[in-house]
Amino acid sequence: MALSDFCHRITAENKFRVYHDLMREKVKHILLVSSPYDAWVMEEDCNLSERLANEYRGLNLSSPPRLTWISSPEEIPAALEQRPAEMVILMSGLAEPELVDLKQRIDAFVPDLPVVILTHREIENEQLKRKDLDHCFLWTGDAELLLAIVKLTEDKMNVAHDAMEAGIRSIILVEDSPSYISSFLPILYRALVQQAQAVIQEGLNQEHRLLVMRARPKILVAETYEEAMEYFRQYEQYVLGVISDVRYPRNGQVDPSAGVTLLSQIKKERKDIPLLLASSESVNKWFAEEIPCEFIDKNSPLLLAELHRFVSEHLGFGDFIFRNKDGMEIDRAHTMFQLKQKLNEVPDDVFLAHCLNNDFSRWFFARTETELACIMRPLTAEDFENSVDAMRAFVIEQIHNRLQQRQRGIVVSFKENDFDPQTDFLKIGEGSIGGKARSLAFMFRLIGQSNWLKEKYPHIDIVPPKVLSIATEGFDSFLRLNDLGYLADDDFEDAEVVEICLKAKLPDWLRHKLRIFLEKVHTPLAVRSSSLLEDAQYQAYAGLYSTVMLTNTHPDIEFRYRELATAVKKVYASTFFQSPKSFSRRVKLRTDEEKMGVIIQEVIGRRYDDYFYPAISGVAQSKNFYPFGRMKTDDGIASIAMGLGKTVMDGGQVFRFCPKCPHVQPQAANMQELLKNSQSTFYSLYMGDPVLAPKAKEQEGALVQRRIYNAEPDGPISYLASSYLPQEGIIRETASIPGSSKVLLFAQVVKHGLFPLPSLLNDILTMAEEAMGGPVELEFCVNMDMDGSNAEFALLQLRPMSSLSGLATVNITEQERAEAFCHSKHALGNSENQDIYDIIFIHPDDFDVAKTMEIKQEIMDSNRQMLQENRKYILIGPGRWGTSDRWLGVPVTWNEISSVSAIVETFTENLRVEPSQGSHFFHCITTLGINYVMVTNSSEEFIQWDWLASVPVHAKGQFITHVQFESPITVKVDGRTADCVLLKPSGSKPEQSNKSAT
């Protein structure tokens, strides 16, 4: 049928009838195979069911898609037999061959069932990408991708019918990389939805908008030349545009010019179809000009923006309506909250008619409020003795109760008229709330559903800090409004980026909502990053972005707003700092793929004189990579400090204990070592007169660092500290001895049960690890009175740890231990590397703890040179790497050692510190799979300094030495036992040189 025929058929009278017949084949049931955490992300952060409901609400209010979750691939046959599904989504940790076998078994059970995989890392198996699964997608936590996957499946199911019946157009995307498909699809679908919304006729009601949305163009993804040509031949007259990669399979082989051939042929046959060639090789721009067609460079950090521009420039949902007896609309409600308000206002006859017609019930069913719908459905006037007032009061009460129940542990959209400051978790804007907020909201849901936890700890208020999340739409709008996209490309210093962003303006809609928020909230606030990739399982950006603390106490709301706006801009600016850019290069992601969400979090603590801080802040991990005594790796580890958590997260001096073995304390060689390594400073917020605020080098706005002996005597120090009696050379586990020095050993909490922190942490870690499907790390804080009463425990953040399970087995022989120049029983990782030819080390004779800043500069210079030469190296030296305390080790940040492949932490007689578990630096290192090795003074562990000193020097600085070999160094780490050896190069001698390291 020609396109002109559709113009006659789709008239003003019948176009909605035609649209009703579109998208007849729907994904009504999705089978998801994943961990509980990934399943929750799909439903809660991405609102998959609710968002898909907009595509399915028609005149008959048909049910939205439903999702069934299972945790094991072995359950798939039984689940499909019990309830057929239109699509299977695999978020499994299975290896590629196992996934191929799984797809074959599903095909045998249900032929042609769409099966897609969401993977946390790029899949290289060509068979898996193009043959055995319908599509593979790279999962980075983007909410839009999940919606796009379902839309793509439905488009493929309906394209033939909808094209023939209504001339619906299609965009063909030719791409075989899961990474680029995952990046392109959300952009394309977002643009198409915006386009459809823009052309909707003014005056149509919400119901009609849904029908028109069904007529949006479809997207067809082809991964080979033949598949693309088949789509083009079949739907030629309906093709809206073609977007193609250059290199992909043709005739069974990867053809480096397949895309050029395809677009040239299409251009020859149809000159009116917009074409786009996408390539990572800039030489192909010449071919694009010859075709001619548009061209985008895949290596550009502005790739996604350029794709969106092409779609925009070249390829150019309901309410409850109150009606009277005549069918005329008298009012409408957008939300359940508005419905509850308007029920007090509508006339009795209108209210009663809607009840008797089950209109409320149908509306709630369409919004997946099944329980509430079931309550409303059987209501009759006789149930309330024909009292409309009683009936109205009952309906309003049920809606109110449901609203109260629904917000517990739920992400609630922030609305000016509906804003309740007591809501646990509010969200501003569209898009994803980001990794940090996503994990936090998920944990709140778990705690809210764990009644056993509240029963076990009845005297502890397990509370979430109130959170306002600014979704990634705020970040996107900020960049577009101020034209700041170039920051992803240009190499600015961090201070320059901050200066540029502070001069920019926040979008008007965001400024308006933040002011409304501040009108009702006066507690101290922490403005924190929550980027799309932050706290992701395989490429976490934890600790690379900014956090700003605000007292939020000024009487002038405009002053408080300016402080909050500045803080939000600083977090946005940190997206383009050097550290996350270096991290992105290391994990092979583009900076423009990262999107920044922001969480404005209530600071948990209490005021002591002019300062505000919690009694205890800490980090707990379900895996302990450095166990000692009778501890086991699976027993976990906790690091705690008095005051705000910056001390812990920056790798400062903290107290460490095992939640399962709290009485097993770290052993110090002597009393002086114990005192030296105990917490000496703490962080708090200054709440007094700004003119009188203490000035300190470490100060960050209202956040100040003070010495322990300056802590308020009636504050937490009075029940957390022990007393050191120098005249007797002993420590008493009480802080009440006059004239004694206070030592923070937390004995009353960890050993004597003033607060059951070990037991509580163990329970929450176990619950979180099970729900997230792997090892976890959580940040928390504790408040209580001196006698342990009025106790509260607040969970501040939850994230997955890098798991060592499922990796290849690494075996280390006794001969290798004997031949190694370094051996450790405390190594993190699981790998066997033979691609390292360089060692940069600090010899104990060259190390000076007072010169760690100078040492850091030399390492930075060497790292810069290694990056230019694309060489990896082993970094060896004393003390704690990545600490913020220069007296504990070299305070390098991630981008300053971004070319490192393995780190060895050694000790000297003058510097013995605990390993840096729990810090952001440590988390980034482990996430990247960088081996982290600790050599203690144990008789089983060693490093041959004499051998390193005998190697001819490649480059030498005042403090560091760089040696380079012609043959590779072998690094073997057994993740099962934490055993590690570094083997000397064989077959050739070290390269001889004597350059300066700087």
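A quick note: this is a predicted structure, and the numbers were derived from the prediction, not measured.

So, how was this worked out
- Each chain carries its own residue numbering, running from 1 in the written order of its sequence.
- Local features in a predicted model are, by the rule used here, given only for residues with pLDDT of at least 70; side-chain atom pairs are given and counted only at 80 or more, and totals for whole chains, interfaces and linings are based on all residues.
- As a convention, hydrogens and water are excluded, and side-chain values are obtained from all of the structure's heavy atoms.
- Put simply, DSSP marks the helices as runs of H or I at least four residues long and the strands as runs of E at least two long, and each gets a number from the N terminus on.
- Think of it in three bands: residues with accessible area under 20% of the maximum for their type are buried, residues over 50% are exposed, and the middle band is partly exposed, with areas taken using a 1.4 Å probe on protein chains only.
- Only the protein chains shown count as covering a residue, and every accessible area follows the Shrake-Rupley method with a 1.4 Å probe.
- In protein, a polar contact requires one atom able to donate a hydrogen and another able to accept it; more generally it is a pair of N or O atoms within 3.5 Å, and residues adjacent in sequence count only if both atoms are side-chain atoms.
- We call two residues in contact whenever any of their non-hydrogen atoms come within 4.5 Å of each other.
- Here a helix's expected span is defined as the number of its residues, less one, multiplied by 1.5 Å.
- Two strands are counted as paired when DSSP detects at least two bridges linking them.
- Whenever a helix is involved, its axis is fitted only over the stretch in contact; in every case the axis is a line through C-alpha atoms, and angles between N-to-C directions fall within 0 to 180 degrees.
- Residues belong to one nonpolar core when they are buried, are Ala, Val, Leu, Ile, Met, Phe, Trp, Tyr or Cys, and are joined through side-chain atoms within 4.5 Å.
- Within 6.5 Å between ring centres, the rings of Phe, Tyr and Trp (the latter by its six-membered ring) count as paired, and their orientation is classed by plane angle as stacked under 30 degrees, edge-to-face over 60, tilted in between.
- To sit over a ring, a charge needs its Lys NZ or Arg CZ within 6 Å of the ring centre and within 35 degrees of the ring normal.

In terms of regular secondary structure, the chain is built from 35 helices and 44 strands. Burial status across the chain gives 59% buried among its 998 residues. For the chain, the accessible area works out to roughly 41,500 Å², and carbon and sulfur atoms hold 48% of it.

Tracing the backbone through its elements, the reader meets H843 in the loop between β36 (831–841) and α33 (852–868). Polar side-chain contacts of H843 include one of 3.0 Å to the backbone nitrogen of D845. Not counting residues up to four positions away in its chain, the partners in contact with H843 are W945, A949 and F959.

Over its 17 residues, helix α25 (residues 557–573) runs 24 Å from end to end, which matches the ideal 24 Å to within 8%, given 1.5 Å per residue. Buried within α25 we find R560, Y561, L564, A565, A567, V568, K569, V571, Y572 and A573. Near the N-terminus of α25, the side chain that reaches the backbone nitrogen of E558, with its oxygen 3.0 Å away, is that of D556.

Our focus in this paragraph is the sheet that holds strand β24 (residues 616–621). Spatially, six strands are ordered β17-β33-β32-β24-β25-β26 in an open sheet, and the strand pairing comes out mixed. The sheet is open, and its two borders are formed by β17 (460–463) and β26 (655–657), each paired with just one other strand. Sheet twist, expressed as the mean angle between neighbouring strand axes with direction ignored, is 25 degrees. Packing of helix α20 (residues 435–448) onto the sheet brings it into contact with β17 and β33 (791–800), and relative to β33 it is tilted by some 130 degrees.

Next up on the list: the nonpolar core. Ranked by size, the top nonpolar core spans 76 residues in total, and within it L720, F755, L757 and F793 carry the most contacts. The leading source of residues in this core is helix α31 (residues 757–772), at nine residues. Setting aside its immediate chain neighbours within four residues, L720 contacts A615, I616, M642, L744, L745, F746, A747, V749 and M784. In this structure, I470, F517, F577 and V598 belong to the second largest nonpolar core, which totals 40 residues.

By the definition in use, this model includes 19 aromatic pairs. Seen in terms of ring centroids, F320 and F322 are 5.0 Å apart; in terms of plane orientation they differ by 65 degrees. Their pairing is edge-to-face. Looking at F320, the relative accessible area reads 4%, which means it is buried. Of the residues examined, F322 reaches a relative accessible area of 0% and is grouped as buried. Their ring planes at 20 degrees and their centres at 5.6 Å tell us that F780 and F793 sit as a pair that is stacked. Here F780, found in strand β32 (residues 776–783), pairs with F793, found in strand β33; they are 13 residues apart in sequence, far enough to count as distant. For F780, a relative accessible area of 1% puts it in the buried group. Following the ring pairs from residue to residue traces out a cluster consisting of F320, F322, F351 and F360. Seen from the ring of F351, R392 lies directly overhead, with NZ or CZ sitting 5.0 Å from the centre.

Position of C781 among the secondary structure elements: in strand β32. When the C-alpha positions of C781 and L795 are compared, they lie 6.8 Å apart, and in sequence the two are 14 residues distant. Each residue touching C781, except ones within four places of it in the same chain, is listed here: I604, P614, I616, S617, E792, F793, A794 and L796.

Take the environment of V749 next. Examined against the element boundaries, V749 turns out to sit in helix α30 (residues 747–750). V749 has contacts with I616, L720, L754, F755, L757, P758 and M784, leaving out every residue within four places of it along the chain.

Our next topic: unusual backbone geometry. I291 connects to P292 through a cis peptide bond whose omega is -10 degrees. Within the fold, P292 resides in the loop between α13 (284–290) and β12 (294–297). Its identity as a non-glycine residue notwithstanding, N552 has a phi of 55 degrees, on the positive side. Its place among the elements puts N552 in the loop between β20 (547–550) and α25.

Most of strand β4 (residues 115–119) sits out of view: five of its five residues are buried. Here strand β3 (residues 87–90) runs beside β4; their pairing, made up of three bridges, is parallel. Residue pairing for β4: L90 is matched across the bridge by I117. Strand direction decides the pairing type here: β4 and strand β5 (residues 135–138), joined by four bridges, are parallel.

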